[in-house]
Amino acid sequence: MKNRFLANLLLTFIWVALTGNFEFANVLFGFLLSYFLLWVITRGSGNVHYFKLVPRVVSFFFFFLYELVKANLQVAYEVITPNLNMTPGIVAVPLDISSDFQITMLANLITLTPGTLSMDVSEDKKVLYVHSMYIKDREEFIKGIKNGFEKRIIEISG
Amino acid sequence: MEILLAIMVGTLYAAGIYMILRRSLVKLIIGIILLGNGANLLIFLLGRIAKGQPPIIPEASKTFLEAYSDPLPQALILTAIVISFGLQSFAIILVKRAHKVVKTDDLDEMNATDEYS
Amino acid sequence: MTEQLLLYPLLLQMFLAIVLMFSWSRISWQKGISIIGSFLNLGVAVWLFSHVWENGTQTIQAGNWAPPFGITFVADSLSATLVLLTSIAGVAVSSFSSASVIPSRLKFGYFPIFHFLLLGLNGAFLTGDIFNLYVWFEIIIITSFVLLTIGGEKAQLEGAMKYFTLNILASVIFLTAIAVLYGLTGSLNMADLAGKVAAVENRTLIQVNALLFLIGFGIKSAVFPLYFWLPASYHTPPSAVSSIFGGLLTKVGVYALLRVFTLIFELDTFLQNVLLTIAVLTLFSGAIGALVQNNIRKMFSYLVICHIGYMIAGLGMMTEVAIAGAIFYLIHDILVKTNLFMVTGVIYKLKATNSMKKLGGLYADQPLLSLLFAIPLFSLVGIPPLSGFWPKLSLIGAGFETGNYVLIGAILFASFLTLFVVVRFWAEVFWKNGEKVEKIRNFPYFNKLRNYKKFQIIGPIVFLSIITLYVGFGAENIQALATRISYELMNSEGYIDAVFSNARIMEK
Amino acid sequence: MTLEEYLYYIILPIVSFSILLVFIRFIKGPTISDRIIAVDLLVTIGIGIIAVYSVQTNQSTFLDIALILALIAFLGTVAYSSYIQKRKKK
Amino acid sequence: MISIIIVVLATLGALFVLLAGIGILRMPDTYLRMAVTTKAATLGVGLLLGAAAVYFNDLSTTTRVLAIIVFILLTAPVGAHLMGRASYIVGNKLWEKSVMDDLEGKYSKSSVKDKKPAEPDSEEGSTIPED
Amino acid sequence: MRTLILKTASNYMLPLLLVFSVFILLRGHYLPGGGFVGGLIASIAFVLHAFANGLETTKELIRIHPGFLMPTGLGLAFVSGIGPLFTDKPFMTGLWFPELPPPLSVLGNIGTALFFDIGVYFVVLGVTLTIIFSISEST
Amino acid sequence: MLAAILSGFLFSLFLVVAGKYFRGKLAVLSAIIPLGLFIYFFSFIGRVSNGEVIRQSYEWVPSFGLNLHFTLDGLSLLFSLLITGIGFLVFAYTASYLKGHSYLDRFYGYLGIFMGAMLGLVLSDNLLSMFLFWELTSISSFFLIGFNNTSEASRKSAVLALAITGTGGFLLLAGALLLGSVAGTYSISEMLSLSGAIAQSEYYLWIVLLLFGAAFTKSAQFPFHFWLPGAMKAPTPVSTYLHSATMVKAGIYLLLRFTPVLGNTELWNTTLIIVGGITMFYAAVHTLFRTDLKGVLAYSTISVLGLLVFLIGLGTQYALTAAAVYIIVHALYKATLFLVTGIIDHETGTRDITVLSGLRKVMWPVAIIGFLAAISSAGMPPTVGFVGKDLVYEATLQMEEWSVILTIIAIATNILVLYAGFVVGIKPFTGKLPEDYSKVHMPPMLMWVPPAILAVLGLIVGVFPSIIDGPLIKPVVDAVGGAGSEVHLKLWHGFNLVLLLSAITLAVGITLYFVLKPSAKREEAIAKFEVVSPKNLVTEFGRNFRKLSEVWTGLFQNGFLRNYVSTIILFLILLVGYSLFTTDRGFPLDLTSFSRVTYYEMVIMGVMFLSVLFVVGAKSRLTAVVAMGIVGYAICLLFVIYSAPDLAMTQFSIDTLTVILFVLVLSSLPKYLSITDYKMRIKDGILSSLFGILITLISLEVLAEPVNKEISEFYADNAYVLAHGKNVVNVILVDFRGTDTLIEISVLTVAALGVFSLLKLRLRKDERNIND
Ligand code: NA
Ligand code: NA
């Protein structure tokens with residue numbers, strides 16, 4: 001119930017943002033609309049996890065931006081310089097995080113930051129396969145991810 | 001610009017017909033889609049084109065204050081696009097079903113209905 | 001009540017289609033709704049027809065927007081007549097379908113789609129807007145396409161592929177023509193276009209535009225050399241579907257040609273020659289096509305093509321007499337072809353085959369039915385004074401008047417071959433002793449049907465035959481109608497006036 | 001140089017040029033995956049073009065189209081990838 | 001002042017887009033192409049959109065721009081993941097200088113092991129209809 | 001095609017896309033959008049969900065048969081078309097209602113055109129889902 | 001008179017309902033109708049012979065000029081009496097001949113229609129109504145000829161007969177319409193006064209040729225005669241009634257009727273003399289080679305029909321009198337012979353003349369009847385045949401030119417007709433009675449009395465020819481050749497050249513009869529020459545025509561969709577291209593009116609163009625689909641650039657959905673086919689390029705034309721003010737042109753229903769057999 005209420009609020013916010021109209025009537029309309037839509041799609045099944053997201057996404061955003069820019073520059077260098085000095089490969093990264101949301105978030109972040117690409121998650125959700133442009137050492141690479149994004153995600157999503 | 005568009009329209013028509021003339025059912029559908037796109041662009045072009053002036057009345061005004069592009073061809077094309085979509089989706093399914101029943105994608109093998117029987 | 005009368009055939013059909021969709025899985029409800037609805041529609045059509053007959057051309061501005069800004073609906077005598085004929089065919093085929101189409105097909109939306117088709121036909125006949133006509137054409141295509149494939153057997157699918165591709169091609173050409181027309185005039189309202197087209201200085205472009213319409217509608221009317229989709233597909237669906245196709249589909253194309261070339265474009269000599277050449281070749285190709293067929297439905301399909309030639313001939317000559325002939329033929333042909341395809345359905349139900357070689361002995365088995373079937377058959381041939389005879393008088397007469405001797409030759413030739421084909425059909429199917437065809441198990445033979453089902457199947461044939469006989473014996477009345485329609489078409493000011501001056505825009 | 005001119009003479013050429021580069025990849029392939037990636041990228045760049053164009057013409061309306069592109073283009077990729085895998089399974 | 005911000009954002013955006021273009025062309029295998037393009041383009045387009053937001057400078061436009069960016073951030077990596085996975089399953093080879101492949105053999109035995117080197121643009125699959 | 005990542009993402013995108021589709025639908029009279037595009041986006045939302053979670057899950061989510069949406073939408077559009085007949089105005093004449101109380105006031109002018117557009121929305125949604133679901137089920 | 005005509009039709013209609021009661025003993029009652037009619041018409045003899053013309057008219061379809069105007073003058077009266085008189089006898093005869101036949105009621109039905117039609121034909125004063133009845137005689141005869149419909153030969157003959165007479169019917173229709181348009185009326189009596197003007201008309205030749213076509217086919221003139229022997233497949237009453245006494249004479253009637261309107265020109269007379277002459281001689285010769293009694297009769301009938309045409313061609317008063325008399329003569333004896341043949345056939349089961357003999361021993365009254373008819377046909381005194389033959393010779397001898405040749409032909413023909421009459425009327429009854437036929441007995445009264453009546457009538461009229469000259473013949477000659485004719489028929493003219501010729505005819509003919517016995521060998525021998533006979537030529541033509549039809553039909557409807565598409569496109573290119581390039585003018589292309597081309601547009605267009613090429617050349621289906629995607633997205637961008645945001649959105653969404661559809665469907669499809677050969681691709685490439693170029697040229701030319709934005713401006717001005725919307729495109733879609741949208745969503749709905757049924761509906765196995 002609480003989850004849905006939060007999700008409802010989030011959708012209402014999105015509605016208001018989309019319409020760019022902060023009048024009470026519009027907020028109310030957005031709330032009712034979201035309520036209706038959530039009712040349509042959550043009858044019977046599904047726990048929608050919006051409620052947990054809001055604050056974390058916002059705070060996490062800036063960290064992510066930093067990573068994004070940093071890594072982009074690195075790739076830019078690679079792309080622009082004449083030689084290709086890459087050592088690419090696919091690495092299996094063992095995961096500590098366990099929830100679907102966390103894994104998805106981690107995978108997406110890895111993909112969005114340059115040079116790396118999440119290929120797949122193992123069936124048991126214990127391993128994330130990551131393709132990377134620069135692998136000097138497997139352990140070092142895994143450590144980089146675990147200390148970087150994964151740690152952050154655990155921090156913000158508890 | 002219009003001249004490029006006119007050539008583009010011609011290209012779409014030509015490519016559409018060319019694809020329809022192939023033997024593969026899938027190519028046939030692609031051909032029909034290309035033709036449809038061509039026709040839509042033609043309406044658009046012949047209704048005369050204008051850049052950067054969508055036919056939307058500004059927020060604070062009751063009518064247009066400056067030039068606007070002709071909304072009517074746009075409405076016509078919209079209708080045509082949606083109708084084509086309906087027809088095309090049915091055609092695509094038909095290809096699937098035809099392949100299943102007739103067991104071929106080759107149009108040349110689909111001429112039993114025109115034989116004397 | 002009568003102010004918006006001309007919309008009722010449309011609204012009623014749409015209403016029926018929606019209601020039928022809501023009763024998706026209840027076949028028996030659907031049958032009842034469809035038949036009752038069709039009768040209602042017939043009533044409305046009769047009402048509309050008599051209203052137009054007495055009060056002249058009726059118009060409605062959809063959305064209450066003055067022409068040429070909104071979509072105009074116009075019921076002149078031609079439209080009202082065609083709507084009436086559609087509703088007559090609708091009643092017949094609705095009843096025929098409810099007993100003849102196998103339940104599996106009925107369960108998958110046969111009736112709603114059927115009424116969407118009738119909606120499309122009515123719409124095409126009533127609209128006064130060229131793009132709106134395109135849209136109506138599309139609903140006709142998609143419904144006919146679905147009806148053609150419902151059940152999805154091999155032959156149906158093959159036929160459907162050809163039907164679909166060529167009809168889409170026609171639509172694209174039609175759309176291209178609309179694009180050019182809009183590019184030249186900026187208008188879509190047909191009455192408005194009449195004046196605006198005349199004012200365009202670049203006559204070459206107007207001619208090109210007219211040719212595009214001619215070819216687009218020509219494909220739909222199944223004229224030579226554009227008819228290929230028809231023989232490929234008409235024999236493949238259930239006979240109920242074939243009959244509505246055979247009766248009405250190509251006629252929409254003919255209607256569009258008549259409308260466009262009397263209202264919007266002037267027929268210059270070049271276009272006239274093109275039309276006349278097409279007419280001659282259509283008469284020829286259709287007739288000899290029918291000659292070589294063994295499948296009786298295919299044979300009638302070719303005759304559909306052949307007889308379109310008469311109507312194109314009438315249009316091509318462009319005299320009041322000729323157009324009246326074309327209109328008379330149109331009226332006759334809708335009734336007879338609808339009926340004949342139902343007849344092929346009954347024959348199929350009797351013998352489980354449509355092959356002329358295998359069929360036979362119908363006269364001995366079913367003498368009364370045979371006599372009944374003879375009515376549309378010999379009307380088709382035009383044995384005087386049956387319905388097919390009269391329009392030929394006008395057409396040949398107009399041919400002499402305009403000096404189109406080759407055309408007269410073609411008309412006589414086609415008439416002769418029609419006679420020959422029908423007579424041979426009679427000899428083979430009715431007279432000959434049929435091959436002993438093995439009885440198919442579980443086949444819904446006609447004789448095994450319950451009486452009320454038999455009635456639902458035969459009733460429509462009787463109904464249409466009676467009307468056909470009326471058209472033949474009451475030719476004076478039909479000719480009066482055809483002449484009036486012809487007059488209205490040749491003097492399009494009446495139509496234009498009705499659209500513009502009678503346009504009643506109410507307070508917003 | 002006005003903003004419009006800057007966009008027209010500097011920004012749009014760069015973006016257009018990128019489109020050409022991506023399109024070359026599309027033509028070259030060699031695998032279907034490469035092509036799909038190229039198309040995906042074309043759509044993404046298309047969003048960029050629309051953004052620039054909306055500024056150039058001063059029509060914020062165009063951004064709505066970008067919004068739709070961003071939402072929907074993804075589905076194409078989902079479909080393609082599901083297709084390639086399905087084919088492989090057989 | 002605002003124009004300068006716009007110019008800076010737009011220029012950076014355009015450059016990143018260009019980077020993605022060059023990247024997709026230069027990179028030697030499917031995975032590396034994807035790795036480069038997903039983010040460069042996302043960042044580039046994000047910046048261009050940002051420029052637009054600054055230019056229009058009103059709330060509803062800004063929120064819409066933010067929505068677009070969020071959508072891209074949400075969908076681009078998922079798409080890349082799907083394509084990467086699909087490519088691997090289909091048997092697109094890694095670049096020859098790749099140093100390791102932990103995924104090797106993880107998908108069904110046949111599909112990767114006896115992978116015919118990705119048939120360049122041939123029709124995938126057999127002629128036998130599925131059903 | 002069921003990967004964890006896609007599944008998770010699609011679960012978040014579904015409500016987002018739906019809100020967005022309504023947004024597009026309602027603003028259509030004033031800004032680009034309308035029933036078509038709105039309906040298409042809504043259907044794309046469900047299709048995406050079906051891709052990620054399997055058709056059955058999505059169908060359970062929607063509960064009513066998408067085919068039902070078609071006559072409903074068509075009926076709605078039809079009724080807003082013939083509504084004017086009862087006030088002696090021609091078919092499809094736009095009727096406009098007086099200003100509504102909040103929260104419906106955000107919709108702006110409410111008239112038959114809006115209901116018409118909503119009808120279009122439902123039809124498009126119903127049509128697309130019917131088509132896509134039928135195909136998915138048959139393969 | 002209308003009632004008289006309708007009675008036949010009403011009778012048939014009545015039989016549809018009450019037919020089964022008429023199959024048994026009541027059948028003979030049906031003869032009351034023709035008898036009544038005969039009496040009715042008989043009652044007019046006095047008035048008509050006094051020169052009165054009785055008219056009746058009813059309006060039917062005046063707008064086509066088709067009215068039921070009936071005229072009873074001498075000519076129509078003669079025919080009416082024949083139709084009803086012979087009809088009466090045939091109706092009665094049939095009751096016995098087809099006794100117990102399960103379809104007897106149908107037979108009477110057809111006869112009834114035929115009789116009505118025939119009466120209508122001869123009574124019509126309106127050319128169109130005459131045509132109407134003319135066609136009805138063809139149709140009813142079709143049903144009668146094919147009465148034994150399980151026999152293939154019967155069916156074929158019926159179809160052939162209808163094909164030939166049907167052709168004639170259409171010629172008559174064309175002729176009638178042409179004549180009507182020249183004369184300005186369809187009333188034959190009104191045309192009489194216009195004959196000069198009609199003969200001067202430029203259409204005269206065509207009118208005459210068309211009417212000749214009709215008459216010659218109906219009256220079995222060479223070379224259209226061959227359907228008549230075939231028509232002998234019909235039961236004997238039909239042969240009697242239609243194919244000797246009445247229907248075949250419709251052509252003769254037509255010629256007689258139009259002699260005052262169109263006749264007396266060289267074209268008219270010469271053609272008729274030549275065609276009639278050839279027919280009468282050709283057919284007469286043919287009688288020598290037949291062994292089927294009805295075959296012999298058929299050819300002798302053709303011969304007589306030829307003679308009648310010949311006489312009409314001579315056109316003199318004598319000739320016309322001869323024709324009028326011969327019509328009666330022929331009706332009397334030929335009907336008798338047919339009926340006798342029917343008796344023989346009925347009792348012995350054969351008509352083969354080579355096996356029939358000595359039947360007088362078992363059916364002497366019939367033998368007498370046959371004898372009487374035979375001598376009448378031979379033209380022996382004191383029968384009416386003698387009177388007729390004499391008149392013929394007198395007519396030929398009277399001619400100023402060619403009289404010798406014409407007379408010789410007439411004599412030769414008569415000799416052969418005599419032979420034929422003897423073979424049928426005498427041969428079966430003379431000689432030894434074969435064992436097989438010793439059990440044969442007399443036919444019932446109903447069968448032999450009708451021919452007896454005719455035979456006796458022939459004798460009576462022969463002895464007292466004046467019975468008919470005033471009341472019947474003179475009015476005919478008046479009607480045809482102009483009033484005031486002198487007609488006096490006599491049996492005995494004294495010794496003169498004509499008598500000598502008659503004697504020669506008889507002597508040679510009888511000798512021939514005794515010398516030349518009918519034999520099957522001879523029939524086979526002539527069959528070798530049949531290869532070039534008109535019948536075979538026509539059937540050969542028919543066969544070749546059918547082949548041609550197959551080739552022509554197959555050429556266009558060849559099963560290959562791409563051929564259909566190319567034909568259509570080629571047709572379009574030719575027509576539109578012709579229209580675009582033949583007008584003498586420069587190509588008006590105004591480049592200055594076009595907007596500036598920017599590089600980004602060029603890039604988009606370039607990408608789009610290459611993608612289209614890529615689609616066309618793609619080797620893989622999926623690649624093609626992906627490239628299609630690019631095309632769609634490029635169009636979407638174009639829509640953005642050219643100010644169509646709604647379009648861009650829709651295009652993009654729909655493109656994506658199409659991709660999804662493709663992808664879902666493609667996975668179940670086999671390889672992308674690229675089977676067409678190089679040549680074909682070149683050909684298609686050229687065709688489609690031409691099409692594309694044409695479209696481009698048209699669009700450029702349209703763009704050079706002035707623009708009219710009246711409607712768009714109205715939308716722009718009123719979108720918000722009246723329709724309360726600011727997105728004008730949307731306002732158009734839901735308000736200005738909302739109807740379009742309503743139908744459009746219906747299209748979508750139907751498409752979805754179609755997809756649903758296509759994918760979900762699986763017919764059960766037994767339902768699959770039902771192609772309905
Ligand atoms: Na006119
Ligand atoms: Na005919």
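Residues numbered from 1 in each chain as written. Chains lettered and ligands numbered in written order. Predicted model: local features only at pLDDT ≥ 70, side-chain atom pairs only at ≥ 80, totals over all residues. Heavy atoms only, no water.

Quick word on the UniProt feature "transmembrane region" (unreviewed entry) in chain D
Residues and elements named next belong to chain D.
And step 1. The UniProt feature table records "transmembrane region" (unreviewed entry) at residues 6–24, 36–55 and 61–83.
And step 2. Counted over residues 6–24, helix gives 100% and strand 0%. Its end C-alpha atoms are 26 Å apart.
And step 3. In this annotation, residues 61–83 is assigned 96% helix and 0% strand; the end-to-end C-alpha distance for the span is 34 Å. (UniProt positions renumbered as here; feature names shortened; annotations may be inferred. Helix = DSSP H or I, 4+ residues; strand = E, 2+ residues; numbered from the N terminus.)

Quick look at the interface of chain G and chain C
And step 1. Contacts between chain G and chain C engage 103 residues on the former and 128 residues on the latter.
And step 2. Counting each side, the surface lost to burial between chain G and chain C is near 10300 Å², with a carbon and sulfur contribution of 74%.
And step 3. Inspection of the chain G/chain C interface yields two salt bridges.
And step 4. Residue Glu710(G) pairs with Lys196(C) through a salt bridge whose shortest N-O separation is 2.7 Å. (Contact = heavy atoms within 4.5 Å. Buried area = accessible area lost by both parts, 1.4 Å probe. Salt bridge = Lys/Arg side-chain N within 4 Å of Asp/Glu carboxyl O.)

Some remarks on the environment of Leu638(G)
And step 1. Examined against the element boundaries, Leu638(G) turns out to sit in helix H27 (residues 621–641).
And step 2. Sequence separation between Leu638(G) and Met605(G) is 33 residues; the distance between their C-alpha atoms is 8.5 Å.
And step 3. Excluding residues within four positions of it along the chain, Leu638(G) makes contact with Leu5(B), Ile604(G), Met605(G) and Met608(G).

Description of the coordination of the sodium ion (ligand 2)
Angles at a metal have ideal values that depend on geometry: 109.5 degrees with four tetrahedral donors, 90 or 180 degrees with six octahedral donors.
Residue and element names in this part refer to chain C.
And step 1. Each protein donor to the sodium ion (ligand 2) is listed here as Val381 (O) and Lys392 (NZ); together their distances run 2.2 to 2.4 Å. One end of the pair, valine 381, is in helix H16 (residues 367–381); the other, lysine 392, is in helix H17 (residues 389–402), and eleven residues separate them in sequence.
And step 2. What makes valine 381 buried here is its relative accessible area of 2%. (Donors = N, O, S within 2.8 Å, 3.2 Å for Na, K, Ca; no water. Buried < 20%, exposed > 50% of the residue type's maximum accessible area, 1.4 Å probe, protein only.)

What about the side chain of Thr11(B)?
And step 1. With respect to the helices and strands, Thr11(B) occurs in helix H1 (residues 2–20).
And step 2. Using a relative accessible area of 12% as the deciding quantity, one classes Thr11(B) as buried.
And step 3. Ignoring any residue separated from it by four or fewer positions in sequence, one finds Thr11(B) in contact with Phe609(G) and Val612(G).

Notes on helix H1 (residues 2–18) of chain G
All names here are of chain G.
And step 1. Look at H1: 23 Å from first C-alpha to last across 17 residues, which is about the 24 Å you get at 1.5 Å a residue.
And step 2. Roughly 30° is the biggest bend found in H1, and it falls at glycine 8.
And step 3. All buried positions along H1 are accounted for by Leu2, Ala4, Ile5, Gly8, Phe9, Phe11, Ser12, Leu15 and Ala18.
And step 4. Where H1 is buried, its residues touch helix H2 (32–42), strand E1 (54–61), strand E2 (66–72), helix H4 (74–97), helix H5 (104–123) and helix H6 (127–145). (Expected span 1.5 Å × (residues − 1). Bend = angle between axes of the 7 residues up to and from the residue.)

Remarks on the interface of chain D and chain E
And step 1. Counting from both sides, the interface comprises 51 residues of chain D and, opposite them, 52 residues of chain E.
And step 2. Interface area for chain D against chain E, summed over the two sides, is near 4600 Å², with a carbon-plus-sulfur share of 74%.
And step 3. At the boundary of chain D and chain E, one finds two salt bridges.
And step 4. One salt bridge connects Asp34(D) with Arg33(E), and the closest N-O pair in it is separated by 2.4 Å.
And step 5. Elements supplying a minimum of two residues to the side of chain D that touches chain E: helix H1 (3–28), helix H2 (32–57) and helix H3 (62–89) of chain D.
And step 6. Among the elements that line the side of chain D that touches chain E, the one with the most residues is H2(D), at 16 residues.
And step 7. Taken together, the residues that form the side of chain D that touches chain E break down as 30 nonpolar, 13 polar and eight charged. (Nonpolar A, V, L, I, M, F, W, Y, C, P; charged D, E, K, R; others polar.)

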